[in-house]
Amino acid sequence: MTYPDDAVLVLLDLTPSGDLASTAPGLLGAASAIGSPVALVIAGSAAGGGAPGSGIGSADGDPAVDAVQAPADRGDALAQAAAELGAVRTLVAESGDAVGALTVPAVDALQAAANEVGADVVLASHSIEGREVAARFAARTKAALAVDVVGLARDEEGAVVRHSAFGGAYATESAATFGTLVVTVRPGAIEERAEAQPPAAEALTVAPSGKPAASIASFEERVETSSRPALREAAAVVSFGVALGSPDRLPVIEELADSLDAALGASRAAVDEGYAPQSWQVGQTGVSVSPSLYVAIGISGATQHRVGMQTAKTIVAINKDPDAPIFDIADFGVVGDQFTIVPQLTEAIRARKA
Amino acid sequence: MSESLKIAVLVKEVPDTYGDRHLDLETGLADRGASDAVLDEIGGRAVEVAVSYAEANEGTEVVAVTMGPESATKALREALAIGADSAVHVSDEALAGADLGLTAEVLAAAVERLDVDLVLAGNQSTDGLGGVLPAMLAELLGRPHATNLDAIEIAGDGITGTRASDFGAMTLSTPLPAVASITDRLPDARFPSFKGNSAAKKKPLETLTAADLGVAPENPEAPRSILISVAARPPREGGVKITDEGDGGAKIAEFLDQNRLIGEAS
């Protein structure tokens, strides 16, 4: 089998139920900007957490999925989905005998795919699972590694990747001196989308490396009870700080978020106080977001928080303290009491939408 | 089962995130002179995990390891003050601006030389936010990795822990030797006591070069990731700031509407 000269190998994350994760369109879009995307999915190891690296398969993953879909069919379905997002070909690796091993089976599969395809750029998501597969793969093959990339281009000397450092305060570009460049792409950072391609699935045989791996004893999927958009990818984010004072007051914030179809975010202090789950935390040690609109309610705007949101296109701030640093970066700031301003804002938005 | 272990903890000197941080526009490196340097908070938490284990298991040895400029000695002294027994500082001008591959190679060589049972690190530093070094290190050392752990239990023959994964929580276990990383869900490092601070000054701190570790930073055979440009984004400027006079909410809605930020009714 021959592959395009400009092939870019793309490792796609899968959800616990075995579908392509939401990072797939951006990854394939990024690849198409610099070449022909060839996707790799690791079908046997889907259900469990994220997964290319998770390795949880039928043994303790999701028996229901296996009951209705044989692995080969699942591979075809994934190849079809990847083709719709721009993959010119999809390699389907089965890693049935590696059930329950962390990351290593996925690295073995990526190595086999790279040997097969001969791509000069290998992309993975900068998700927790994806970046560790890329990390071990780069270390194993002694390839140059560029992580948390927000843009890709190609010049006459090869692929050039763009990074955003210190919360967007600096933009840097890097490249490999020679050889394959392994890249992890920041989820949600790529807006380009690739054109759909005719589906072409191909089974990939993987020789296990036998490298020691941690065992996955169990996996508990995080249940998102909310119908709101995911924080990382949301076009609008409404965030609150510890000034909320009590989790009982959360509904006021939620109503505003829903009027804007926004995801909910929180400052670290609000998370530490237990007003919000950790997955809502925006900032240095939480999630970095770049939405079209970021509404900061009762958030002072410490550097820790700002680095996670200052690349938002428009920032609105509401704060009691006229000297709060958040006002230095807000496009529109109101000094006042959030408990009167926020409900009025929600009403006014509803009225304008009606 | 509890037993004495030898644990290497990777720590890092980083610019204090509570101040403004800068990149040198000539070199693209973190300008360490332009902001206060501190022990990375997550590295402090990793030291705390190791030291807590050592306190409960006599004979356990904790070694803090870093690669960085001369000034990084301060971060190592902080780790020693928390309770690490000794420290290793890989300091070499040829390593300034080292990419991830070279950094992993150096740290792997330093750890190998110490012959440790467990390598412990933070899941990601607050400046680089790469989150990949522990996995790279595990690959180079030929060891399993158990990373991004919200909870960790160290025993004499292995570790177990809860990995915060992309879609949920994963229970992991691995025998030793292994590489592990923890998240900031684990407790903050203790505040060093006066006694800890004075003891830290007397604890052994070894300084090594790349050559001491048999690593060639300028090896032209090894592909590297290199920086080709760096630019400061123009600082974001504040826009309109008004004081609420009873119509603050309505004023924001007007602003959002003018900027087409209010969606269609759904």
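All figures in this text were calculated on a predicted structure; none of them were measured in a lab.

Draft legend 1. Representation of the overall build of chain A. Within chain A one finds 9 helices and 15 strands. Among the 354 residues that make up chain A, the fraction classed as buried is 59%. Put simply, 70% of the contacts in chain A that link residues at least 6 apart link residues at least 24 apart. For chain A, the accessible surface area stands at approximately 12900 Å², while carbon and sulfur atoms represent 49% of it.

Draft legend 2. Local environment of the overall build of chain B. Across its full length, chain B carries 6 helices and 13 strands. Relative to its full complement of 266 residues, chain B shows a buried share of 51%. Once local pairs closer than 6 in sequence are excluded, the contacts in chain B between residues at least 24 apart make up 73%. In the structure as shown, chain B presents an accessible area of about 11800 Å², 50% of it carried by carbon and sulfur atoms.

Draft legend 3. Summary view of the sheet that holds strand β11 (residues 236–240) of chain A. The parallel open sheet is built from 6 strands, whose spatial order is β12(A)-β11(A)-β13(A)-β14(A)-β15(A)-β13(B). Across the chains shown, the open sheet's two edge strands, defined by having one partner strand only, are β12 (263–266) of chain A together with β13 (240–243) of chain B. For this sheet, the mean angle separating the axes of adjacent strands, direction not counted, is 15°. Alignment of strand β13 (residues 293–297) of chain A against strand β14 (residues 314–319) of chain A, held across 5 bridges, turns out to be parallel. Directly across from A:Val295, in β14(A), lies its bridge partner A:Val316. On top of the sheet, helix α6 (residues 250–259) of chain A reaches β11, β12 and β13 of chain A; it is set at about 165° to β11(A), its chief contact. Docked against the sheet, helix α9 (residues 338–353) of chain A engages β13, β14 and β15 (332–335) of chain A, running at close to 135° with respect to β14(A).

Draft legend 4. Looking closely at the pairing of β14(A). All names here are of chain A. Counting buried positions over the 6 residues of β14 gives 6, a clear majority of the element. What you see with β14 is no split at all: Thr314, Val316 and Ile318 on one side and Ile315, Ala317 and Asn319 on the other are buried throughout. As defined by bridge partners, β14 adjoins β15 across 4 bridges and the pair is classed as parallel. Each bridged residue has a counterpart across the sheet, and for Val316 the counterpart in β15 is Phe332.

Draft legend 5. Structural context of the interface of chain B and chain A. Contacts between the two partners involve 87 residues from chain B and, on the opposite side, 95 residues from chain A. In this assembly, chain B packs against chain A so that about 7600 Å² is buried in total across both faces, 55% of it on carbon and sulfur atoms. Three residues stand out in chain B for area buried against chain A, namely B:Glu139, B:Phe167 and B:Arg236, and they jointly supply 11% of the buried area on that side. Scanning the region where chain B abuts chain A turns up 7 salt bridges. With a shortest N-O distance of 2.9 Å, A:Arg352 and B:Asp257 are connected by a salt bridge. Inspection of the region where chain B meets chain A yields 38 residue pairs in polar contact (both at pLDDT 80 or more). Classifying every residue of the side of chain B that touches chain A by side-chain character gives 38 nonpolar, 26 polar and 23 charged.

Draft legend 6. The arrangement of the packing of helix α5 (residues 128–141) of chain A against helix α4 (residues 133–141) of chain B in detail. Here α5(A) crosses α4(B) at 40°, and the two axes come no closer than 8 Å. If you check the angle between α5(A) and α4(B), you find them oblique. Like other packed secondary-structure pairs, α5(A) and α4(B) cross with a definite hand, here right-handed. Contacts between α5(A) and α4(B) pair A:Glu132, A:Ala135, A:Arg136, A:Ala139 and A:Arg140 from the former with B:Ala135, B:Met136, B:Ala138, B:Glu139 and B:Leu140 from the latter.

Draft legend 7. Spatial organisation of the side chain of A:His163. Residues and elements named next belong to chain A. Tracing the chain through its elements places His163 in strand β6 (residues 158–165). Classification of His163 as buried rests on a relative accessible area of 15%. One polar contact links the side chain of His163 to the main-chain carbonyl oxygen of Val147, over a distance of 3.2 Å. Leave out the neighbours within four places in its chain, and His163 touches Ala146, Val147, Asp148, Val149, Val150, Tyr170, Ala171, Thr172 and Ser174.

Draft legend 8. Summary view of the nonpolar core. Residues and elements named next belong to chain B. Counting 40 residues, the largest nonpolar core has Ile7, Val9, Leu118, Leu120, Ile152, Ile154 and Ile159 as the members making the most contacts within it. Elements represented by at least two residues in this core include exactly β1 (6–10), α1 (41–56), β4 (61–67), α2 (73–82), β6 (118–122), β7 (145–154), β9 (168–175) and β10 (178–182). For this core, the leading source of residues is α1, giving 7 residues. Setting aside chain neighbours within four positions, we find Ile152 in contact with Val49, Leu120, Ile159, Thr160, Gly161, Ala180, Ile182 and Leu186.

Draft legend 9. Here's a closer look at the sheet that holds strand β11 (residues 205–208) of chain B. Strands sit in the order β10(A)-β9(B)-β8(B)-β7(B)-β10(B)-β6(B)-β1(B)-β4(B)-β5(B)-β11(B) across an open sheet of 10 strands; the sheet is mixed. The sheet is open, and its two edges are formed by β10 (215–221) of chain A together with β11 of chain B, each paired on a single side. The average angle at which neighbouring strand axes cross in this sheet is 30°, direction not considered. The sheet contacts of helix α3 (residues 100–114) of chain B involve β1, β4, β5 (86–90), β6 and β11 of chain B, and relative to β4(B) the element is tilted by about 155°.

Draft legend 10. Local environment of the packing of α9(A) against helix α6 (residues 248–258) of chain B. Two numbers describe how α9(A) lies on α6(B): the axes approach to 7 Å, and their chain directions differ by 40°. Between α9(A) and α6(B), the crossing angle belongs to the class labelled oblique. Classified by chirality, the crossing of α6(B) by α9(A) is right-handed. Of α6(B), the residues touching α9(A) (which contributes A:Ile341, A:Gln344, A:Leu345, A:Ala348, A:Ile349 and A:Arg352) are B:Gly248, B:Gly249, B:Ala250, B:Ile252, B:Ala253, B:Glu254, B:Leu256 and B:Asp257. The class makeup of the residues in the contact of α9(A) with α6(B) is 8 nonpolar, 3 polar and 3 charged.

Draft legend 11. Inspection of the environment of A:Glu157 at higher detail. Residue and element names in this part refer to chain A. Looking at where Glu157 falls in the secondary structure, it is placed in the loop between β5 (144–155) and β6. Glu157 gets classed as exposed once you look at its relative accessible area, which sits at 75%. Separated by 90 residues in the primary sequence, Glu157 and Pro247 place their C-alpha atoms 54 Å from one another.

Draft legend 12. Summary view of the environment of B:Leu76. Residue and element names in this part refer to chain B. Inspection of the secondary structure puts Leu76 in helix α2. Sequence spacing of Leu76 and Val88 is 12 residues, and the spatial spacing of their C-alpha atoms is 8.1 Å. The residues contacting Leu76, other than those within four sequence positions of it, are Val11, Ala64, Val65, Thr66, Ala87, Val88, His89 and Leu205.

Draft legend 13. How the structure looks around the pattern of salt bridges. The final tally for this structure, using the stated rule, is 24 salt bridges over all chains. Salt-bridge contacts for A:Glu132 lead to B:Arg163; the nearest nitrogen and oxygen are separated by 3.0 Å. Taken together, the residues A:Glu132 in helix α5 and B:Arg163 in strand β8 (residues 158–164) connect one chain to another. With respect to class, A:Glu132 is no different from B:Arg163; both count as buried. In this structure, B:Asp184 and B:Arg185 form a salt bridge, with 3.8 Å as the shortest nitrogen-oxygen distance. For B:Asp184, a relative accessible area of 13% translates into the label buried. The exposure class of B:Arg185 is partly exposed, given its relative accessible area of 36%. One network of salt bridges, with partners in common, ties together A:Asp108, A:Arg136, A:Arg140, A:Lys211 and B:Glu139.

Scoring rules and cut-offs
- Residues numbered from 1 in each chain as written.
- Chains lettered and ligands numbered in written order.
- Predicted model: local features only at pLDDT ≥ 70, side-chain atom pairs only at ≥ 80, totals over all residues.
- Heavy atoms only, no water.
- Helix = DSSP H or I, 4+ residues; strand = E, 2+ residues; numbered from the N terminus.
- Buried < 20%, exposed > 50% of the residue type's maximum accessible area, 1.4 Å probe, protein only.
- Contact = heavy atoms within 4.5 Å.
- Areas by Shrake-Rupley, 256 points an atom, 1.4 Å probe, with all protein chains shown as cover.
- Pairing = 2+ DSSP bridges.
- Axes fitted to C-alpha atoms, helices over the stretch in contact; angles between N-to-C directions.
- Buried area = accessible area lost by both parts, 1.4 Å probe.
- Salt bridge = Lys/Arg side-chain N within 4 Å of Asp/Glu carboxyl O.
- Polar contact = N/O pair within 3.5 Å; in protein donor to acceptor, adjacent residues only side chain to side chain.
- Nonpolar A, V, L, I, M, F, W, Y, C, P; charged D, E, K, R; others polar.
- Parallel < 35°, antiparallel > 145°, perpendicular 65-115°, else oblique.
- Left-handed = near helix turned anticlockwise from the far one by under 90°.
- Core = buried A, V, L, I, M, F, W, Y, C linked by side-chain atoms within 4.5 Å.

From the geometry alone we can't say anything about function, so treat these as descriptive.
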